[in-house]
Amino acid sequence: MEFRLLGTVSVDTRTGPLPLGPAKRRSLLAALLLSANTPVPVARLTDSLWGEEPPPRARGVIQGHVSRLRALLTGAEAQAYGVELVTLGDAYVLRVPETLLDYQRFEELLMLARQQRSAADTVRMLDDALSLWQGPALGGTFTEGPLQAAAHTLEESRLATVEELARAYADLGEHHRAASVLRAEAVAHPMRESLAAALILALYRAGRQSEALDWFHRTRRLLADELGIDPGHELADAYALILRGGPRPGAAPAGGTDAAGASRAGTDPAEGAGTTAPPGPRVPAAHNPSVAPHPTDLLPRAPRGFHGRNAELAALTRAAAGEAPVCLVTGPAGVGKTSLALQWAHHNPAAFPDGRLFADLRGFSETGEPALIDVLREFLLALGVAPRRVPESVSAAAALFRSLTDRRRLLVVLDNARDSATVRALLPGGTDCVTLVTSRNRLEGLIASDAARPVPLGILEPQDGTALLAGVLGEERILAEPVAARRLAELCGGLPLALRVTAARLAGRPQWTLAGLADELADERGRLTFLDVDDTGVSAALRLTVQQLPADAVRQLARLGHHPGGHFDPYTCAALAGTDPAAAAAALERLGSAHLVTETAPGRWVLHDLVRLYARGLDPASGAEALVDVLDHYIATALAAADTAEPGGEPCFVLPEGYRPAAVRDFADRAAAMHWLATERDDLARAAVAARGAGLHDRAWRIILLQWPQVVWRVRDSWAPLLELALDSARAKQDLYAESRVLNLLGWVLTEEGRTAEALTLLERSPGLAQQAGDRLGEATALINLAVVQAGQGELDRALEGCGRAVVLAREEEDRHTEMLALQHLARLQLSAHRPGDALGSARTALALGPEHEEAARRSLLLAVSGEARLALGEEDEGILLLDRAAEEAEHAGYDEGAVRALEALLRVSARAEYRTRHALALRRLTDGG
């Protein structure tokens, strides 16, 4: 068992990590672990979890989380490791041996490292210490108050350790390694002068004086711009040393002087990223594995600098273990299908003693596909057939090929196949033969007819991408700029072809830095140009794929290039291309078959970044039109979602000028509508940003404001930045209606986030703007939200007056939904003002307005206010009955917060065990959810 704080807070066991649940529970565990074996008072835990504004039920929430943690530890047999979570009065103590705490082992390794006499031993111990870090300290917690301070302290200790490691490398004379270690942290912490100074000295001592000076000036400008200060003594001294040409030690002996260094010096970094392939295909007992391979071998040479792909190599080996297997490697252009096939084919030649055949079917080549008879003739000649005995027809040649291979153990590699029919004519006849096919298309017909076993090939992970770069450029160049190398791998989208072109450009230009080329690639306008070299490149590979597509699929792809979001569905595609969803779905299937789009979930697709850039260039003139079409599609769909999620709510606005409607999906119920709003949140945000960037402000604020049901449901989910963007767009259009509506929603969000002063400033302006715009319902809603803040500030009279005015406005506009909302808040305010009779009357009026299908949360809140009012009037039986009904309706609707509120009111006047049990269950559901 191991407790981790150096990264995401977790508990690792023999059977895997414990399911700790929500962030609050992780925060509680972190607070206990930071004070392991010491009682932690509930007050300090409350401060750690909520800061200065804990909820009224904080103690109950903590009790629920402690109970769940205790159950998890018991289930993991924690007592066997000496771990126990104990209650001591008003405090909790987590008893745990220090050897099970990763931050304690980190500190112990630091202490041991500082006691070493050998720099090489120091390096090893510091490396071990830093390897315990899996990410930012206390990840997955609410780092407020004490937890924030603890996370900062741990991070400071980590950074100090990095600086110590760099000094140890310097003692070994390995200044390039010191610079590599420091650069990544200096980029992440640009204001930390000690890091910058250490990096400058390491670069200078490694003979990279110009880089050292550049880094000094960059840091100096940053300090001046951000803090208005000059460099401190460390930075200034490092700069002065360079200027006066101070002592610069020579390079260390290759590989260092220690045993570990010698081992590293003898390891080619290009070989360690997954070049060891799994065992080859099975060898039947009828053959002797020691027999020398047949001289027939048409394979091209094995790929150079192959990296990663262990999972796919293993999948090929499994796929090749069947009877007469056909293994199908598919993936997009440039993903490395041929390299994977050849790497696997070359790994174990003894597995195919009767030969290895290879044919490039050129299914995606400008030169066209070879004739099938030509491919079969080459195979037959390689197998020893005399030229004059090769049949003239394809069918006869294929039959002879199947006959000759019937009792052989042969590998046939068919590269770049365009369709299934071509492959079928070239399949060998023997049950011990293996056929390995690569294609940019999925070739589902081959799967259906010949049980081909697909091995889909995706992009490389960043670490494998950087290893591929190192295989061409050398480890030294990658270690000198590790952050830039990873950035290059990401900008190339993990596409091996793009990575190889990038490496080729850098290899021929040793004076170029990786960071410089990364900056060039970051500009989307020229990225594809930089990823082409000679006759090879991403654009050329994609062009050969696209030219095989029908016109409607090409048009769909071109329009997808202008999509501002990350995902799309057939409705979005139909809006972009001006078609219907059925035609768009068919085009997507065609594009997916060619691996130009990827389906991540049923009906949900994505484009690779480089494919998106290529697609955008297919029809650049249509970009503005496509953007408007997709923005209007989002507006229409979000309107439908909001209307389904909140059917009693009023429409937010009229449609924008020049609105172009498109097909809109239907939402079966509130759950489906809310799911769409949640799933599309990121893409809706990107669409709003794109709209503002294009000057389409009337679309930008509408797309954001239409997410209001999700904002209300997940109010604490960081909505403020997006709403501030909507506010900028509303003001850019000088639209008082829009400004008032956005201010209203933003003010309420800020209120819920505890930013009351900011909320009050915004909400005080909203009613006046709504009044100027003639938006009486908007004015009513603004007055309600303002009243909530005023009541929280102790201005109860002003809040009551504003809420009363909101009731009048909603009633005059004959809008029952808004009137019911205003009466709900008015009743709560009247109860706070010790006017239970008035509160009961307001709640009754509101309940009479709402039909039975009115939102369950609002009905529950109104019933709870009514019950509390009855209790205040001395009518205890009726009050308990109403509160019980409020809790039941909330429980039935899954509104746990309302259930907890009603049951807490019940427990203040009743000791029934049923209420206590229901309260505990609702509280557990609430804490488990967040």
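Turning next to the overall build of the chain. What the chain contains, in helices and strands, is 44 helices and 16 strands. Projected onto the principal axes, the alpha-carbon positions of the chain cover approximately 110 × 75 × 60 Å. Taken across its 930 residues, the chain has 52% of its residues classed as buried. For the chain, long-range pairs separated by at least 24 residues make up 69% of all intrachain contacts whose partners lie at least 6 apart in sequence. Here the chain has roughly 40600 Å² of accessible surface; of this, 51% comes from carbon and sulfur atoms. Charge separation in the chain, taken as the distance between the mean sites of 97 positive and 120 negative side-chain charges, equals 4 Å.

What follows deals with the sheet that holds strand E3 (residues 16-17). Sheet strands pair by backbone hydrogen bonding; their relative direction is either parallel or antiparallel. Strand order in the open sheet formed by three strands is E1-E2-E3, with antiparallel pairing between adjacent strands. In the strand order of this sheet, the two ends are held by strand E1 (2-4) and E3, each with one partner. Summarising the sheet, strand E2 (residues 10-13) and E3 pair through two bridges and their orientation is antiparallel. From the neighbouring strand, Thr13 faces E3, where its bridge partner is Gly16.

Take the pattern of salt bridges next. With the rule as written, the count across this model stands at 51 salt bridges. When the shortest N-O distance is used, the salt bridge between Arg377 and Asp374 registers 3.1 Å. You can see Arg377 and its partner Asp374 sitting in helix H14 (residues 372-382), three residues apart, about one turn around the helix. Residues Arg487 and Asp519 are paired through a salt bridge, measuring 2.7 Å at the closest nitrogen-oxygen approach. In this pair, Arg487 sits in helix H20 (residues 482-491) while Asp519 sits in helix H22 (residues 514-522), placing the two residues 32 residues apart along the sequence. For Asp519, a relative accessible area of 48% gives the class partly exposed.

Turning our attention to a nonpolar patch on the surface. A surface patch of nonpolar side chains, amounting to about 250 Å² of accessible area, comprises Met191, Leu227 and Ile229. Mapped onto the elements, Met191 comes out in the loop between helix H7 (175-188) and helix H8 (193-205).

Below, the discussion takes up the packing of aromatic side chains. Taken as a whole, this structure holds four aromatic pairs when the rule is applied. The interplanar angle of 80 degrees and the centroid separation of 5.8 Å between the aromatic rings of Phe106 and Trp133 together place this pair among those described as edge-to-face. Taken together, the residues Phe106 in helix H4 (residues 102-114) and Trp133 in the loop between helix H5 (119-131) and helix H6 (146-171) connect sequence positions 27 residues apart. Judged by its relative accessible area of 11%, Trp133 is buried. Between Arg158 and the ring centre of Trp133, over which it is positioned, the NZ or CZ distance is 5.7 Å.

Our focus in this paragraph is the nonpolar core. One recurring pattern in soluble globular proteins is that nonpolar side chains are buried together. Core analysis: the biggest nonpolar cluster contains 85 residues, and Phe3, Ile62, Val83 and Leu138 have the highest contact counts within it. Formed by 73 residues, the second largest nonpolar core is a distinct cluster that contains Leu677, Trp701, Leu722 and Leu743.

Ordered by their spatial adjacency, three strands build an open sheet running E14-E16-E15, and the pairing between neighbours is antiparallel. Looking at strand neighbours, the two that pair on one side only are strand E14 (567-568) and strand E15 (598-601), the edges of this open sheet. Of the pairings in the sheet, the one linking E14 to strand E16 (residues 604-606) comprises two bridges and is antiparallel in character. Bridge pairing links His567 to Val606 in E16.

Now for the packing of H4 against H5. A pair of packed helices can be characterised by two numbers: the angle between their axes and the separation between those axes. Where H4 contacts H5, the two axes come as close as 9 Å, and the packing angle between them is 170 degrees. Taken together, the axes of H4 and H5 lie roughly antiparallel to each other. Together, Phe106, Leu109, Leu110, Leu112 and Ala113 of H4 and Thr122, Met125, Leu126, Asp128, Ala129 and Leu130 of H5 make up the contact between the two elements. Each residue belonging to the contact of H4 with H5 can be placed in one class, and the counts come to nine nonpolar, one polar and one charged.

Our next topic: the packing of H5 against H6. For the pair H5 and H6, interaxial distance at closest approach is 9 Å and the crossing angle is 155 degrees. Comparing the axis directions of H5 and H6 gives the class roughly antiparallel. Judged by the twist between their axes, the crossing of H5 over H6 is left-handed. Across from Ala119, Thr122, Val123, Leu126, Asp127 and Leu130 in H5, the residues of H6 making contact are Arg158, Thr161, Val162, Glu164, Leu165, Ala168, Tyr169 and Asp171. Here the residues of the contact of H5 with H6 sort into eight nonpolar, two polar and four charged.

Before going further, it helps to examine the side chain of Arg25. Mapped onto the elements of the fold, Arg25 is located in helix H1 (residues 23-34). Here Arg25 falls in the buried class, since its relative accessible area comes to 3%. In terms of polar contacts, Arg25 uses its side chain to reach the side chain of His65, at 3.2 Å.

Looking at where Arg356 falls in the secondary structure, it is placed in strand E8 (residues 356-360). Assessed through its relative accessible area of 8%, Arg356 is described here as buried. A polar contact is formed between the side chain of Arg356 and the side chain of Asp297, at a distance of 2.6 Å.

We now examine unusual backbone geometry. Phi is positive for Arg362, close to 50 degrees, though the residue is something other than glycine. Position of Arg362 among the secondary structure elements: in the loop between E8 and H14. Phi at Glu814 takes a positive value of approximately 55 degrees, unusual for a residue other than glycine. As for its position among the elements, Glu814 is in the loop between helix H38 (796-812) and helix H39 (816-832). According to the relative accessible area criterion, Glu814 is exposed, its value standing at 72%.

Our next topic: H1. In a regular helix each residue adds 1.5 Å, so twelve residues correspond to 16 Å; H1 covers 16 Å between its end C-alpha atoms and thus fits that length. Counting buried positions along H1 yields ten of twelve residues, so the element is predominantly enclosed. Where H1 is concerned, the buried positions are Lys24, Arg25, Arg26, Ser27, Leu28, Leu29, Ala30, Ala31, Leu32 and Leu33.

What follows covers helix H3 (residues 58-75). Over its 18 residues, H3 runs 26 Å from end to end, which matches the ideal 26 Å to within 8%, given 1.5 Å per residue. Those residues of H3 that fall on the buried side of the exposure criterion are Ala58, Gly60, Val61, Ile62, His65, Val66, Leu69, Leu72 and Leu73. Among the residues trailing H3, Glu77 stands out with phi positive, at a value near 55 degrees.

Should pLDDT be low for a region, the predicted coordinates there are not to be read in detail. Overall, the prediction assigns the chain a mean pLDDT of 83, with 90% of residues at 70 or greater. Summarising per-element confidence for the chain, the mean pLDDT is lowest in helix H11 (residues 259-265) (31) and highest in strand E9 (residues 411-415) (94). Contacts from residues 250-294, a stretch scored under 50 in pLDDT, to residues over four places away or in other chains number 73 contacts.

It is worth spelling out the pairing of strand E7 (residues 326-330) at this point. Side-chain direction in a regular strand flips from residue to residue, so the side chains alternate between the two faces of the sheet. Of all the five residues making up E7, five are buried; the element is thus mostly covered by neighbouring parts of the structure. Here E7 pairs with strand E10 (residues 434-439) via five bridges, running parallel. By the bridge assignment for E10, Leu328 is matched with Val437. In the sheet, E7 pairs with strand E11 (residues 453-456) via four bridges, with the strands oriented parallel. Bridge pairing in E11 places Cys327 opposite Arg453.

What counts, and at which threshold
- Residues numbered from 1 in each chain as written.
- Predicted model: local features only at pLDDT ≥ 70, side-chain atom pairs only at ≥ 80, totals over all residues.
- Heavy atoms only, no water.
- Helix = DSSP H or I, 4+ residues; strand = E, 2+ residues; numbered from the N terminus.
- Buried < 20%, exposed > 50% of the residue type's maximum accessible area, 1.4 Å probe, protein only.
- Contact = heavy atoms within 4.5 Å.
- Areas by Shrake-Rupley, 256 points an atom, 1.4 Å probe, with all protein chains shown as cover.
- Lys, Arg positive; Asp, Glu negative; His and termini not counted.
- Charge placed at Lys NZ, Arg CZ, Asp CG, Glu CD.
- Pairing = 2+ DSSP bridges.
- Salt bridge = Lys/Arg side-chain N within 4 Å of Asp/Glu carboxyl O.
- Patch = residues over 30% accessible without salt bridge, like charges linked within 9 Å, V, L, I, M, F, W, Y side chains within 5 Å.
- Phe/Tyr/Trp six-rings, centres within 6.5 Å; stacked < 30°, edge-to-face > 60°.
- Lys NZ or Arg CZ within 6 Å of the ring centre and 35° of its normal.
- Core = buried A, V, L, I, M, F, W, Y, C linked by side-chain atoms within 4.5 Å.
- Axes fitted to C-alpha atoms, helices over the stretch in contact; angles between N-to-C directions.
- Parallel < 35°, antiparallel > 145°, perpendicular 65-115°, else oblique.
- Nonpolar A, V, L, I, M, F, W, Y, C, P; charged D, E, K, R; others polar.
- Left-handed = near helix turned anticlockwise from the far one by under 90°.
- Polar contact = N/O pair within 3.5 Å; in protein donor to acceptor, adjacent residues only side chain to side chain.
- Expected span 1.5 Å × (residues − 1).
- pLDDT = per-residue confidence, 0-100.

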